[in-house]
Amino acid sequence: MDKNGAATILSVANQKGGVGKTTTTVNLGATLAYVYSKKVLLVDIDPQGNLTDNLNIDVNDKNTIYEVLKGETTAKETIQNYAENIDVLGSDIALAAAEREFTQVGSEHRLKKALEPVISEYDYIILDAPPSLGMLTVNAFTASNEIIIPIKPSIFSLKGFIKLNETIETVQEFTNEELTIRGILITGYNDRINIYKEMKESAEQIAAYIKAPIFDSYIRSTVIVDESQAAGQDLISFSKSSTAEEDYISFTEEYLRMVGE
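Residues numbered from 1 in each chain as written. Predicted model: local features only at pLDDT ≥ 70, side-chain atom pairs only at ≥ 80, totals over all residues. Heavy atoms only, no water.

*Asks:* How should I be thinking about the sheet that holds strand β4 (residues 86–89) in this particular structure?
*Replies:* As a general point, the strands of a sheet are linked pairwise by backbone hydrogen bonds and lie either parallel or antiparallel. Strand order in this open sheet of eight strands is β3-β4-β2-β5-β1-β6-β7-β8, and the pairing throughout is mixed. Two strands bound the open sheet, and with one partner strand each, they are β3 (80–83) and β8 (214–220). Across the sheet, the axes of successive neighbouring strands diverge by a mean angle of 25°, strand direction being ignored. The sheet strands contacting helix α11 (residues 243–259) are β1 (8–12), β5 (124–128), β6 (146–151), β7 (180–189) and β8, and the helix crosses β8 at an angle near 165°. (Pairing = 2+ DSSP bridges. Helix = DSSP H or I, 4+ residues; strand = E, 2+ residues; numbered from the N terminus. Axes fitted to C-alpha atoms, helices over the stretch in contact; angles between N-to-C directions. Contact = heavy atoms within 4.5 Å.)

Encoded structure:
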């Protein structure tokens with residue numbers, strides 16, 4: 001929460017899919033809520049609805065972020081509770097229509113305006129952005145104070161990261177000059193495989209070039225992540241402990257130190 005009592009709004013984003021965006025959104029939020037007693041709102045701004053599914057949020061015959069963005073309902077009326085200190089604004093495939101519908105001038109501000117009535121009710125609002133650079137991602141960046149970029153140490157992930165930075169710079173120029181890249185989080189890491197070590201070095205070079213820090217914490221690869229998602233739970237609530245749970249707790253602690261909390 002900022003000095004004015006409004007939530008810090010944070011986008012978790014990468015143009016490349018499969019890099020741990022949803023996992024990071026869910027488990028950063030869960031750690032903030034359970035370990036640090038922060039009030040958290042998780043917003044699924046991805047038409048795939050992975051965050052919504054991950055937390056077993058029922059959106060059948062219910063309003064979602066799509067109806068909120070269209071102005072047919074409000075965020076407050078649509079938010080669902082997942083657990084103590086964690087609420088969710090869910091999504092489904094209907095949100096895909098937003099890319100072709102929200103074309104008028106000012107559409108990039110729809111999400112920011114939709115969140116304004118609830119921004120004082122949370123410490124953190126975390127947005128799970130889609131793996132694309134269209135209007136929904138621009139909406140997420142326009143609404144956000146900062147961005148965390150999860151990447152897997154592979155060449156495809158790094159290429160997506162470079163393109164993502166171009167979109168961030170455009171948003172900074174035209175719709176949100178205060179937007180900052182808080183840091184780059186390496187996910188799915190396995191230090192026993194040589195290519196992972198090489199790609200980690202490449203990520204560090206790119207981060208230095210665009211002046212974005214890489215978190216010292218990284219998330220190790222484990223099957224427990226898939227199991228917790230299938231169970232509709234975050235890693236901390238899940239019955240099995242894992243290296244990924246430990247890593248997300250360490251990452252959240254590092255993030256809070258970085259922002260001065």
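The discussion continues.
*Asks:* Is there a simple way to think about unusual backbone geometry in this case?
*Replies:* Most of the time, phi is negative for any residue but glycine, and the peptide bond is trans. A positive phi angle is found at N56, which is not glycine, with a value near 55°. Relative to the elements of secondary structure, N56 occurs in the loop between α2 (50–54) and α3 (65–70). A relative accessible area of 62% means that N56 is categorised as exposed. The backbone of D61 shows a phi angle near 60°, a positive value even though the residue is not glycine. If you trace the backbone, D61 turns up in the loop between α2 and α3. (Buried < 20%, exposed > 50% of the residue type's maximum accessible area, 1.4 Å probe, protein only.)

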